[in-house]
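# Observations on chain architecture
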Amino acid sequence: MVILALVAYADIEDGYEALGAGVPGMFALAHALLVLAVAARASYVVQRFAADPPPPWLLEEDRRQLARRPRAWRIWRVLAFLSVVPIIVIGSPDWPAWTAFACWALLYSAIAAVVIVAVTLTWRGRWSLLTYLDPIKFGIAKLRVAERENHAELVDDLLETVGRRIARTSPRRPLHTGLTELRQAALLTRYRMRGERAHLDEAIALGRSLLTSRPHRKDPGRITRRMQLSSALHLAYQRTGDLRWLDEAIRMLRGVVADVPADLPLATAATANLAIVLLEHAVETGDTEEIRESIALQRRAIDETPVEDYRTVLVGSLPALLSPRSARSARHAVGNAMINAHYLPHRLVNLGSALLFLHHADEEPATLAEAEEVLRCALVTMPPEHIQRFWALRQLADALLVKHRLGDEAALDEAAKLLREALGILPAGHPDAGPMHYLLGEAAQRRGSRQDAIDHWCAAARLSTVTPEVRTAAAHRWGAAAADAADWAQALDGYGLAVELLGRLAARSLTRADQERLLSGPAGIVRDAAACALAAGEAERAVELLELGRGVLLGQALDTRSDIGLLHERHPELAREFVRIRDSFDQSPTSQGGIDPIVQRHALAEEWENVLAAIRDIDEFREFLRPRDALTLAQVAGRDAIVMVNISGYRCDALVLSDGAVRAVPLPEVTEDEVAGHAAAYFAAAAAATDPERTLRERATAEAEIRGQLAWLGEAITGPALARLPGGVSRVWWVPSGAAAYLPLHAADSVMDSTVSSYTPTIRVLEHARAQAAAGMPEEALVVSVAAPDGYDALPGTAAEVEAVKRRLGRVRELTGAQATRSAVLAALADAPLVHFACHAYGDVAAVSAGRLVLHDEPLSVLDINRLRIRDGRLAFLSACTTAQPSLALLDEAIHLSSAFQLAGYAHVIGTLWPAADDTAVAVAEAFYGNTARGLAPHKALHEAVVSLLAENRMTPSLWASYIHVGP
């Protein structure tokens, strides 16, 4: 055909001359070149299809649709050849002139036939000719099929193809931006199918780069890019539990909803996406109104989502598209269907999930019934191989489990069946397999099959790809189920894994607020693990679990404050890298160099793990920052004793560590509920005894209650523990857990007569403080006093206390009244080896890090103190109220002002368990510093000061029992 076109060039030229063309030679040349181009392209397409046919795993219908492309090009090649014939005929001298009109008609008919064929293929083909020629449209079509039919191989093929196209396309071309967007969408689809973190990380990076490379707000593609990035951020939150990802996604989607015109189809998609992230946020925060807002947005999005497939809408809209009056509305209908119809099943599932969460809050039967109805409808609308089918099955099963809890026995079997179907859809190791196993364990336990339940919870807990939150919860249920059957060995396995996962649950990449929120979920899990170890006869394992699981946040902070002198000497480059990352963690998160603070934090966490791995690869540093065994921990006590008091619902015990050995002391007369009751009574009595508004009779009654509580403590807890101390022990460090952290173990009957008591949050903190301690007291002290802060009662005894301290210490730097601002105090602490605070303090037992010292302008919080790094810190005396009182939400983290100052670098800290009277504070401070001036160590100095106060006020323990020493 090509040769014929070249040979017949003269005849073609004659034909155009007969038609009256102005420059017949040019028309003839263009026609011949067009024939050549079509012939070359057709041959290329046909040969490439033969060499690279559609993959065999595609559906037969898909393969037929793809096979249309080479057939279409063959037709075009024939039509191109036939287009030459009428021109040659017209140029023949024997052809009557009147037939020219007929030939023109034949030519235009051929062109019209070509257009009709192309358009027909576009309308009817799943992957049409035109979309195949456009790599972006073709890629989107591929993704739609991959999502609908869960074809991961199709997404892999697309990622490979698009990657090659991006590599050879200039970044300045619009095609490069479109291909990058397509790759981001494909990465997110691939992540949803396989759950590989690398795909999600790359998708987020691409999304951010797209927004920064094209920052103009009027860029028409900016809205879709923001939506795509918000989807990636939502998935990142689901993977990590970091609420910052979710907060950013919400901000981004609220901006999109505000920017996109309501009449555009994209507005529906933006509304639906915003509803999803609001639901996730509401679930974490417990905000019922946010759940209702999410439901309202979901309903609106579903109302605007077409029920019919967009091809059906397109075919039905053809007549309207040709009419000037209705073309605009028809185009809107087609565009709306193209963008939104594909996502109708997703939106139904999300609405059902939101209704289910709302039912947990309002417990309305109608809400649960609607959730079940919507979820069943979602399953009907989606194909069997739909990418989100497993999620719909899981949510419906969750709704049925709720129905079973409310009394519908038949719902349990259906829920288990749906969960097994959902689990069968997911590939091995998928992150969502964990929640499926967790719910299957719940269903099995309700059926009375304890071992099946344990097997499912064990499977969920051991899946490394599952989120730490789900793994920890599953391990907890595993241990609890085994403990209920008195299978203590298996219970120890489950609880032990849960404790080991706490460090990952409160990952360094999270904010402090998120860490505290996540750790407050499995409250008591460490104490229960230790109790199971003791029941299994493994006292040393109990010590290791308590040390590993208590003070997770303190342990992370200690990691960054560890002495690396030997590492610096042997491997200076690794030491410098360790210090760089450590110091970066201590800085407040801010955007640096255009890098998002959240990304910085996660990157730092990854770098931290990498540098630790590199250090531990060296033989002499294999145990660098690793947890230590119980016997090594016991050696920290030396010739004295560390007493860990473990309070659990299973049993209560004291663990005595001394002389390098561990002794378990059962406390059979103590229960967890009893300790909680005594702590509440003690707390109330101490508050009443120190309240100047109470009558003398009321305060005397409260003092009597405190004496009774101290007697019970001596009989039930401290007495049995001290009875097992080796001979010659005169010093005890108490490590209380649970509600025992509110009880003054040091002041229990007979304790102060036989031992000198101190406290430590963990054994590792004690060892760290011991390394910080030095003999003798510094020559100069910093004294901070605020007698009358705004909004608080005046402290008339503050001036007398400061004078007493000055008399005993001599050289003193003062920050008094208006001088004691937050910034001034922070600056002065940097070189203050001894600091004495005489001011108000505030602690909230319901808030984890709410403790703060009240200064002239702004308070000095626990988090402010945690960021300090004091060199050569000797002593911090906190003469204020409740500076050693932990939070109820995280009792075993020991987060309070006293532990914060010790972590900041002060080896010894004097704190209080409840408010202290002004005159008592003066007396204790003067006696304490007088004792240190005589050469007594801080713990001994406080002990003698309190003993002297006890001798004069034995009937009023609220005056002297509040003071404690924390440190070596």
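Residues numbered from 1 in each chain as written. Predicted model: local features only at pLDDT ≥ 70, side-chain atom pairs only at ≥ 80, totals over all residues. Heavy atoms only, no water.

## What about the overall build of the protein?
Operational definition: A run of H or I in DSSP becomes a helix once it reaches four residues, and a run of E becomes a strand once it reaches two; helices and strands are each numbered from the N terminus. Buried means the residue's accessible area, taken with a 1.4 Å probe over protein chains only, is under 20% of the maximum for its type, while exposed means over 50%, and partly exposed covers the values in between. The criterion used for residue contact is that any of the two residues' heavy atoms lie within 4.5 Å. Reported accessibility uses the Shrake-Rupley method at a 1.4 Å probe radius. Residues are deemed covered only where the shown protein chains occlude them.
Along the protein, the regular secondary structure elements total 43 helices and 14 strands. Residues classed as buried in the protein amount to 53% of the 968 residues present. Partitioning the contacts of the protein with sequence separation of at least 6, the portion at a separation of at least 24 is 70%. Surface summary for the protein: the accessible area is close to 42,000 Å², and the carbon and sulfur share equals 55%.

## Regarding the pattern of salt bridges
Under the convention used in this document: By convention in these notes, a salt bridge is any Lys or Arg side-chain nitrogen within 4 Å of a carboxyl oxygen on Asp or Glu.
Applying the stated criterion across every chain, the model contains 30 salt bridges. Measuring nitrogen to oxygen at the nearest pair gives 2.6 Å for the salt bridge that ties R299 to E370. Linking R299 in helix 14 (residues 288–303) with E370 in helix 19 (residues 365–381), this pair joins segments that are 71 residues apart in sequence. Note on R299: relative accessible area 34%, which makes it partly exposed. In this structure, R376 and E372 form a salt bridge, with 2.9 Å as the shortest nitrogen-oxygen distance.

## Some words on the sheet that holds strand 11 (residues 860–861)
The line we're drawing: A pair of strands is treated as paired once DSSP finds two or more bridges between them.
On the basis of which strands lie adjacent, the open sheet formed by three strands has the order 9-10-11 and antiparallel pairing. Of all the strands in the sheet, the pair left with one neighbour each is strand 9 (841–842) and strand 11. Pairing of strand 10 (residues 852–853) with strand 11, which is carried by two bridges, proceeds in the antiparallel orientation. What sits directly across from R852, in strand 11, is S861.

## A closer look at the confidence of the model for the protein
Selection rule: Per residue, pLDDT measures the predictor's confidence, with a range of 0 to 100.
Per-residue confidence for the protein gives a mean pLDDT of 80, with 81% of residues at or over 70. When the criterion is pLDDT under 50, residues 119–133 qualifies, and its contacts beyond four places in sequence or with other chains add up to 42 contacts. Taken as a whole, residues 588–595 scores under 50 in pLDDT and shows nine contacts with residues more than four places along the chain or in a different chain.

## Comments concerning the nonpolar core
Here is the rule we go by: Buried Ala, Val, Leu, Ile, Met, Phe, Trp, Tyr and Cys residues form a nonpolar core when they are joined through side-chain atoms within 4.5 Å.
Membership of the largest hydrophobic core comes to 154 residues, with the highest contact counts inside it found for L655, L657, L829, F837 and F901. Contact partners of L829, with chain neighbours within four places excluded, come to L782, V835, F837, L860, L868, I870 and Y906. Counting residues in hydrophobic clusters, the runner-up holds 51 residues, among them V145, L182, Y237 and A270.

## Digging into the packing of aromatic side chains
Rule in force here: Side-chain rings of Phe, Tyr and Trp (the six-membered ring for Trp) are treated as a pair once their centres are within 6.5 Å; stacked means planes under 30 degrees apart, edge-to-face means over 60, and tilted covers the remaining angles.
One pass over the structure, following the stated rule, counts ten aromatic pairs. Centroid distance F901 to Y906: 6.0 Å. Interplanar angle 55°. Geometry classified as tilted. Taken together, W488, Y495 and Y650 form an aromatic cluster joined through their ring pairs.

## Observations concerning unusual backbone geometry
With a phi angle near 60°, A486 is a residue other than glycine that sits in the positive phi range. Note on placement: A486 falls in the loop between helix 24 (468–484) and helix 25 (488–505). Overall, A486 belongs to the partly exposed group, its relative accessible area being 46%. Positive phi, close to 55°, is recorded for D659, a residue that is not glycine. Structurally, D659 is set in the loop between strand 2 (652–658) and strand 3 (661–666).

## Side note on the side chain of S861
We count it as follows: The term polar contact refers here to a pair of N or O atoms within 3.5 Å; inside protein, the definition further demands a hydrogen-donor-capable atom paired with an acceptor-capable atom, and it admits residues adjacent in sequence only when both atoms are side-chain atoms.
Inspection of the secondary structure assignment puts S861 in strand 11. S861 gets classed as buried once you look at its relative accessible area, which sits at 18%. From its side chain, S861 meets the backbone nitrogen of D864 in a polar contact 3.1 Å long.

## Here we look at helix 42 (residues 918–933)
Applicable threshold: A helix is expected to reach a length of 1.5 Å times the quantity of its residues less one.
Between the first and last C-alpha of helix 42 there are 23 Å, a value that for 16 residues agrees with the 22 Å anticipated at 1.5 Å per step. Taken together, the buried positions of helix 42 are occupied by T920, A921, V922, V924, A925, F928, Y929, G930, N931 and T932. Next to the buried residues of helix 42 lie helix 38 (798–809), strand 8 (834–838), strand 12 (873–879), strand 13 (906–912), helix 43 (938–952) and strand 14 (963–966). Remark: G935 follows helix 42 within two positions and exhibits a positive phi of approximately 95°.

## Some points on helix 14
Its 16 residues place the ends of helix 14 23 Å apart at the C-alpha level, agreeing with the 22 Å of an ideal helix rising 1.5 Å per residue. The elements touched by buried residues of helix 14 are helix 13 (265–285) and helix 18 (344–362). Among the residues of helix 14, the N-terminal cap falls to D287, whose side-chain oxygen and the backbone nitrogen of E289 are separated by 3.1 Å.

## Structural notes on the packing of helix 10 (residues 197–213) against helix 11 (residues 222–240)
As a reminder of what qualifies: Only the stretch in contact is used when a helix axis is fitted, and all axes are lines through C-alpha atoms; the angle between N-to-C directions ranges over 0 to 180 degrees. Should the near helix be turned counterclockwise from the far one by less than a right angle, the crossing is left-handed, whereas a clockwise turn marks it as right-handed.
Close contact between helix 10 and helix 11 brings their axes to 9 Å; oriented N to C, the two are set at 150°. Between helix 10 and helix 11 the crossing geometry is left-handed. Seen from helix 10, the contacting residues are R197, L200, I204, G207, R208, L210 and L211; seen from helix 11, they are R222, R225, R226, L229, A232, L233, L235, A236, R239 and T240.

## Re the side chain of T755
Among the structural elements, T755 can be located in the loop between helix 36 (751–754) and strand 5 (756–759). Dropping the residues within four chain positions of it, T755 is found in contact with L722, V729, S730, V732 and H943.

## Quick notes on the packing of helix 13 against helix 18
The cut-off we apply is this: An angle counts as roughly parallel when it lies under 35 degrees, as roughly antiparallel when it exceeds 145, as roughly perpendicular when it falls between 65 and 115, and as oblique in every other case. Each residue gets one of three labels, nonpolar for Ala, Val, Leu, Ile, Met, Phe, Trp, Tyr, Cys and Pro, charged for Asp, Glu, Lys and Arg, and polar for the others, Gly among them.
Running from N to C, helix 13 and helix 18 point in directions that differ by 30°, and their axes come no closer than 10 Å. What the angle tells us is that helix 13 and helix 18 run roughly parallel. Crossing angle aside, the handedness with which helix 13 passes helix 18 is left-handed. Side by side, helix 13 and helix 18 meet where T268, A269, A272, I276, L279 and V283 of the first sit next to R347, N350, S353, A354 and F357 of the second. For the contact of helix 13 with helix 18, the class distribution of residues is seven nonpolar, three polar and one charged.

## Here's the deal with the environment of V675
Within the secondary structure, V675 is located in helix 34 (residues 672–689). Counting along the chain gives 64 residues from V675 to A739, while the straight-line C-alpha distance between them is 6.2 Å. Discounting residues that sit within four places of it in the chain, V675 has contacts with I647, V670, W712, A739, A740 and L743.

## A short note on the pairing of strand 2
On any regular strand, side chains alternate: one points to one face of the sheet, the next to the other face. Most of strand 2 is tucked away, with seven of its seven residues classed as buried. Here strand 2 shows no split at all, with C652, A654, V656 and S658 on one side and D653, L655 and L657 on the other all buried. Here six bridges tie strand 1 (residues 641–647) to strand 2, and the two strands are oriented antiparallel to one another. Bridge pairing links N646 to D653 in strand 2. The loop that links strand 1 with its antiparallel partner strand 2 comprises four residues. As defined by bridge partners, strand 2 adjoins strand 3 across six bridges and the pair is classed as antiparallel. Within the sheet, the bridge partner assigned to S658 lies in strand 3 and is A661. A loop of two residues connects strand 2 with strand 3, the two strands running antiparallel in sequence, and D659 in this loop sits at a positive phi of about 55°.

## Re the pairing of strand 14
The two faces of strand 14 match: Y963 and H965 on one face and I964 and V966 on the other face are all buried. Both strand 13 and strand 14 contribute to a ladder of four bridges, which runs antiparallel. Residue pairing for strand 14: T912 is matched across the bridge by Y963.

## A closer look at the environment of E442
Here E442 lies in helix 22 (residues 433–446). E442 gets classed as buried once you look at its relative accessible area, which sits at 15%. Beyond its immediate sequence surroundings of up to four residues, E442 is in contact with L401, W457 and R477.

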